[in-house]
Structures are given as C-alpha cells and as structure tokens.
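Next come the chains, spelled out residue by residue.
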Amino acid sequence: MAYPTSANPLIYRVALPVPLYTLFDYLAPRTSPPCLPGCRIEVPFRYGTKTAFLVEIAQHSAIATDKLKPINRVIDEHPLLSAADLQLLLWVANYYHHPLGEVISSAFPVHLRQGKAATLPDEKGYQLTELGEHTSSEQLRRTPKQKSILELFQQHGQPLSESALTAWNSQWRTSVKTLLNKQLLALTTLKGVHSTLPVAESTRELPGNAHQQAAVAAVSQQLGQFGAYLLEGVTGSGKTEVYMQIIRSALAQNRQVLVLIPEISLTPQLEQRFRQRFSANIAVSHSKLTNPQRQTAWLQMQQGLCQIMLGTRSALFTPMQNLGLIILDEEHDSSYKQQEGFRFSARDAAIIRGKLLNIPVLLGSATPSLESFYNAQRGRYQWLPLPERAGDALAPQLQIIDIRNKPLQEGLSEALLKEINNTLAKQEQVLLFLNRRGFAPTLICHSCGWVAHCPSCDANLVIHAQQQQLQCHHCGKQQRLLQQCPACQHNALTALGLGTERVESLLEQRYAGYRIIRLDRDSTQRKGSLQKYLAQINLGQADIILGTQMLAKGHHFANVTLVAILDVDSGLFSIDFRSPEKLAQLIVQVAGRAGRAQKPGRVMLQTRHPEHPLLTTLIQADYHHFAQQALTERQQAGLPPYSHQALFRASATDAELATEFLDCVAQLARQPSNPANQILGPTPAPMKKRAGRYHQQLLLQCKHRKNLHKLLDTLMPAIAKLKTSAKVRWSLDVDPLDLY
Ligand code: ADP
Ligand code: ZN
Ligand code: ZN
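Residues numbered from 1 in each chain as written. Chains lettered and ligands numbered in written order. Predicted model: local features only at pLDDT ≥ 70, side-chain atom pairs only at ≥ 80, totals over all residues. Heavy atoms only, no water.

Q: Provide a residue-level description of the sheet that holds strand β32 (residues 729-734), including the pertinent values.
A: The strand order across the open sheet built from 4 strands is β30-β31-β29-β32, with neighbouring strands paired in antiparallel fashion. A single partner strand is all that each edge strand has here, and the edge strands are β30 (678-690) and β32. Here the strands of the sheet are splayed against their neighbours by 20° on average, with no regard to which way each runs. Relative to strand β31 (residues 693-702), strand β29 (residues 644-652) runs antiparallel, the two being bridged by 9 bridges. Note on β31: the bridge partner recorded for His-644 is Cys-702. Across the face of the sheet, helix α21 (residues 655-670) comes into contact with β29, β30, β31 and β32 while running at roughly 15° to β31. (Pairing = 2+ DSSP bridges. Helix = DSSP H or I, 4+ residues; strand = E, 2+ residues; numbered from the N terminus. Axes fitted to C-alpha atoms, helices over the stretch in contact; angles between N-to-C directions. Contact = heavy atoms within 4.5 Å.)

Pasting the structure below:
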C-alpha cells in the first residue's frame, strides 16, 4: 500500500450502522500509516459522529476528493476482526440482503459498537502470599473448605479471579475471607483473563459405543479441513459425549471451539459438563448477560484467552484467533433463525464460516431439519447416525390415546388419568405437554356469543386467571378480566379451550398433596426461576411437570417415566407446509424427556385422529422414516428444500398501502421475467391485522438458489427507489422459516 501523498490521499471505505446498502468514503489521515480493514474508526456523519467499520482501503473514490470528509480518529490500533471474520460478515450481508453496516455492528458487543476501547475490564482476584505458598494445606485439615481453597491456589499457581472462584464453587467467599485474615491469601487486580478456572474435577471420558466412536473419528480426523457433518442421534444416544470427545481433539491441537445451542436455559447444564471435562477456559455468550459480561467473553475469544465458547445464535459472529471447530446442537431448532431485523440463520451461516476457515462444522439433532436431512441424503453433509440410546437406557414407547367421544376433564382423558395415577403411585414423575399458556384461549358469552377480541389484532384475548387479565399474545395488550359481558350485560362469560393454567388448576384439585410445577413463559418470568424449577425437578422435588414448548428443549429429566401430549391435533392441521415437520420434531423431542435413566418411559398422545399418517409413521417407525416421507412430499410439491424462497413482508396502518407497495415489488420481480421464478402474492399474512397494522406478504420461489439471488440482486436497489417504500414498514426474509 502506497503511503498517502497530497496528490492522491488514501480513501477509507467504511460501513456505518445505518439502514443503507452502500459503503461510505472518507479521507484517511495523511500522517499515520494506514490501518487495516476490521478496525473501528470514528467518522463525521450528517450532524454528528458515528463509529464506522473499515472495510476497504482504496486509491480512488467515485466522489471528488475535495467533497470527502476526513475521518475523526482511528479507534483500534489492531483490527478486531480478521480478514476471514470480515469476509463472513460480507457474505451474510450479501446473502440476506441486509445493510452491511448493521450486520457488522451486530457482530460487536454494544459498548464496542459505540466506539469504546476494546480492553478487558480489570477484575478483583486473589493470590497466594509467601506464607500461603509455603504453608502445607494439612495444617488446615480441620476446616476442609479452607484447605481445598488453599490447595486450589497452590495447584493452580496463578492468581484467581472472583468469577473463576464462583465457577469453581459458588460458596467460596467466607473461606477466602478467613484465608485473607490468616495472610495466606492477598487481594490482587487481574487484567485480561478472568471468569476462567482451573480444572475442577476431570470426569473421565466414557468408552464410546461403536457408533459414537465412528462419529468421533470421522470429525476428529478431519480437523483442519472443511466438512459438514450431521450427527443424527435419538435423545440420550450420547451426542454430547461425541461433541466432547471431538472438542478434546481440537483443544489438543490448540484450536478454539465454538459450541452453539438454541436456548440460554441450556447453557448451565452444558457448561458444567464441559468444565468437569476440560481444563480449558470457557466463555459463555447469550442475551441474558450484561453488556460488560458479553464484551468480556467476546474479547477473550478474540484475543485467544479462552478456548471454548458456548453460546446462542448471536455468538456465531464472535471473532476468534484460531477457531478450529463449530458444533451446533439441536440444529433443527427454529431459534437459530433470527426472526427480526437482520434475519439470518446461524446454522447456515455456521456452514459458511466453516468453509471460509476450512474447519469442520458438526450439526447434531435427534430430529434433524428436513433441509439438513436432505443435505445429508445427497452427500453434502456427512451423515453420522447414533441409532441407539447410550449406556443401558431404554427408548420410550409411543402410544396413542384415541379421545374421540371420550369424556375429558380439562383436557385429560380417563385413560391418561389412570396412567398418571399409576406413575405417581410408583413415585415416578409425570410430564404433561400443552403448547398454550394462560388459562384459556377464548372468553365467550354464553348468553349472546360475544367473544373477547383484541382491538389491534385479528386474535382473541387469552384469559390469564392468576393475573385476572385478558392478554393478547400478539401485541401484548393487557386488560382486566371482565366479569360481565360488555354486549348483553349478563354474567354469562365462560372460558373456552385449554391453557396450562387451567390444566394446572385441575391437577391441583385432583392431585392435592402432590408437587406440581408449571413451566411456561408466565411462570418463569423472574430471573433464575426456570433454573430453580429445573433443579427441583431433578432433585425429585416435583411429581407432575406441566409445560409448554420449553419442555421440548434438551433438558434432562431422569425420573420422568410418563410423558403425555394433551393436544396433538392442534398441530395436525395447519396451512404452513412446515407444520408436520415441526409437530413431528416436537413429539419426538418431548418424548425424549422420558425414561432417560434406567427406567423405561412411556409417551401418550391424545388425539382425535389416531389414523393420521404422521402419527402412525412416528409410532410404527421413527422420525427418520417420517422425514423421508415428508421430503418426498416436499419434492412432489416443489417446496423447500427442493426450491428456495424469499418472503417480503410489509405492513401499514392503512390496509391498502401495504398491498400497493407489494404490488409494485411483484411487478418489478416479474420484469426480469424468468418463467421459472414464481412470484406469489401479495396476499394477506395469516394474521392480517396485528398491533394495529395491516400485514401483507409476497413470496418469491425459485427452483435454483442462484436464480433467487439473481432476482433479489436486481430487485433490492429498485425497491429502494419505489415511492411507496417509504410509506410502509417492509422487510425481506431469505429462507423464511415461517410465513407468518
Ligand atoms: P444426548 O446428548 O444425545 O442426549 P448424552 O451425551 O447427554 O446424550 O448422553 C446421555 C447419557 O448417556 C448421559 O448420561 C451420558 O453420560 C451417557 N452416555 C453417553 N455415552 C455413553 C456411553 N458410551 N456409555 C455409557 N453411557 C453413556
Ligand atoms: Zn353477552
Ligand atoms: Zn393484539
């Protein structure tokens, strides 16, 4: 790179966190040597300043030099993003047609987006004094806690931060204070690495069964090259064990490892298993951390101070010095897709990151998405099956309860109640699944038929009896629960349908004396409450567990032997072509919670459609067969993964405007007329009115991915020029997961 002269100053082409698709040109300072792409720079923008990200350095600008503004200052001496990191962000911005500046900005922790210095905060810690170094821990044998802490410091040989001590054992404070008083330990300030800890206790690796060994070998032997792998293993088949053995190989080669999971609530479980297994520094990243905590984790990976990152979707873009392996657990989970703003799929972007870095990417699930299943079938992903439960755990038995013409008590059939009684009598746990929170989904007047409706949405208000409220689950509107019908003034309001609160109240009456835990968004709102309930369940302090969606997500309940899905039918008939896939995944995932230890589990499905092919396939065969059939149907219908979709959504307070805008988009899309491109719509969204706005959508579908993106490439700049585009809120969703 030539040093800037007055004749041709260097141009910094930067991305700014604004909803615009272009890069912005600024003049580089003449005095200092140019900084590298990936650095943050402060620039004047409109009437203020902004933190920008340097993407390219150019010799020339399309804009005359005297019109260009110089930058204010360079923030980072060394780039925080490597060339490969930047390349990944460019790729996803391009693929999802999202403004690059917003994409790059979203990869940074909040304070770094704002231009603050990229330094790790100091943390309080402790170190041995000279006396402490030379004191034998035997002298503390009467106070075992102090003894073990002294031994910890002596073995570790380094100062330890407060967070490291907390990760080691949350009860350290009193003993450390005593050791300070005895002058065996001294206070210190730690810079850089903290929240890391020494090996707690190393649980030994399990000798894998043949399938596990094959899976471990397949990936471990290919470290250092790109490969995508699909680990398909029923719940409890030992996928996590496989992950850990591959991680060990990667760590042995001094590579960093990124492990993605769908849910924050799953991090503590996995973190603990990792901490017991690896003497590596582990960083955790998810949305419930404070900004400084997230930044610390981010910088620790970026600087190579931590070797393992455990995180949710957004952790994917964390820069790393030496990333060598990506694992994505429960790859079918829809939370890997960001559903608003920058709508990206962490699963698909992980594959791209693996390709760019030339490292393996391992996707694991008991119920792989049809996309991944298809990729495995045509050899794009290497298929690694784990067909059996590990150890001697038995697979749960699926069984149908035909509830046609059967009396139900708050949704529970006699047959199921009998099973619950039997299970409780054996002192085993029961898990009931109902995917609807609240007391009942509808409040209706028995006298005149009036229904409580959300004024802002095409939806009924849901009864929440405990809070004595009516709530809209779509816009969040809340109002007091009515006692009297506002239409006819009669006291004839009745709750229609079933929610978890309602089933809970029945259970409380019928099973008085038993401990019932309800797990849904309402019951777990307070911080730490979900963890508390999960711990209670695992300590055997619960007899009946009732919950929503939350129960389908990877938690282990060793003493649950009866699982029941109260209302299978609500998922059987939906207009969404993905709903059979989602329902099958849900049934198998919920079923997987049963009988994980030595006790065999049973799974009961209450349905009015006992002959439904989805159910019979799952019962007589398994998810794998279901997926094969479902794929054939998708192929016949030309639906993804046999075609590729992009969805434009638009909304406005005026019902016509959104339609008008999408009509223009549809017209533009038809111009580069490729008869193979399907342009479907505009049509009203499945819920047309939401939060006071009218929603319309336009679906583009192409057989080949390339054609879809060619179309979008020409379409997006043209849409930006549409007059109507300023009057609506609109978005593009590439590879949409739902058409809502
Ligand atoms: P998954 O992640 O597929 O649900 P895990 O890895 O959590 O499965 O394993 C389920 C249980 O089986 C765990 O308690 C684990 O310790 C045990 N396990 C895993 N592999 C083996 C093995 N090869 N032999 C014995 N037990 C195993
Ligand atoms: Zn009425
Ligand atoms: Zn509403």
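Moving on, there is more to tell.
Q: Help me get a handle on the pairing of strand β25 (residues 516-519), residues and values and all.
A: Here β25 shows two buried faces, one formed by Ile-516 and Arg-518 and the other by Ile-517 and Leu-519. The pairing of β25 with strand β26 (residues 544-547) spans 4 bridges and is classified as parallel. Within β26, the position partnered with Ile-516 by the bridge is Ile-544. For the crossover that starts at β25, traverses helix α16 (residues 529-538) and ends in the parallel β26, the hand is right-handed. (Buried < 20%, exposed > 50% of the residue type's maximum accessible area, 1.4 Å probe, protein only. Right-handed = clockwise from strand over helix to strand, strands pointing away.)

Q: Give a detailed account of the coordination of the zinc ion (ligand 2), specifying residues and quantitative values.
A: Protein ligation of the zinc ion (ligand 2) involves Cys-445 (SG), Cys-448 (SG), Cys-485 (SG) and Cys-488 (SG), the donor distances falling in the range 2.2 to 2.3 Å. Between the 4 donor atoms coordinating the zinc ion (ligand 2), the angles at the centre fall across 107 to 112°, so the site counts as tetrahedral. Expressed as a motif, the donor residue spacing for the zinc ion (ligand 2) is C-x2-C-x36-C-x2-C. Remark: Cys-488 occurs in the loop between β23 (478-480) and β24 (493-496) and Cys-445 occurs in strand β20 (residues 442-445); sequence separation between them is 43 residues. A relative accessible area of 3% places Cys-445 in the buried class. (Donors = N, O, S within 2.8 Å, 3.2 Å for Na, K, Ca; no water. Tetrahedral: all angles 85-135°; square planar, octahedral: opposite > 155°, others 65-115°.)

Q: Hey, could you go over the domain arrangement of the chain for me, with residue numbers and the actual values?
A: Taken as a whole, the chain is organised into domain 1 (11-113), domain 2 (123-190), domain 3 (211-319 + 326-339 + 347-369), domain 4 (397-437 + 499-632), domain 5 (441-496) and domain 6 (644-734). Computed from C-alpha coordinates alone, the two centres of domain 1 and domain 2 are separated by 46 Å. (Domains from an automatic or database assignment.)

Q: Can you lay out α21 for me, pointing to particular residues and giving the numbers?
A: For α21, with 16 residues, the first-to-last C-alpha span of 24 Å sits near the 22 Å given by 1.5 Å per residue. The complete set of buried residues in α21 reads Leu-657, Ala-658, Phe-661, Leu-662, Val-665, Ala-666, Leu-668 and Ala-669. Buried positions along α21 lie against β29, β30, β31, α22 (705-721) and β32. Capping of α21 at its N-terminal end is provided by Asp-654; its side-chain oxygen lies 2.8 Å from the backbone amide nitrogen of Glu-656. (Expected span 1.5 Å × (residues − 1). Polar contact = N/O pair within 3.5 Å; in protein donor to acceptor, adjacent residues only side chain to side chain.)

Q: Break down the packing of helix α5 (residues 144-156) against helix α7 (residues 173-181) for me, with residues and values.
A: Direction vectors running N to C along α5 and α7 enclose 75°, while the axes themselves pass 9 Å from each other. On the basis of their axis angle, the class for α5 and α7 is roughly perpendicular. Residues Lys-145, Gln-146, Ile-149 and Leu-150 of α5 form the contact with α7, whose participating residues are Ser-175, Val-176, Thr-178 and Leu-179. Among the residues forming the contact of α5 with α7, the class breakdown is 4 nonpolar, 3 polar and 1 charged. (Parallel < 35°, antiparallel > 145°, perpendicular 65-115°, else oblique. Nonpolar A, V, L, I, M, F, W, Y, C, P; charged D, E, K, R; others polar.)

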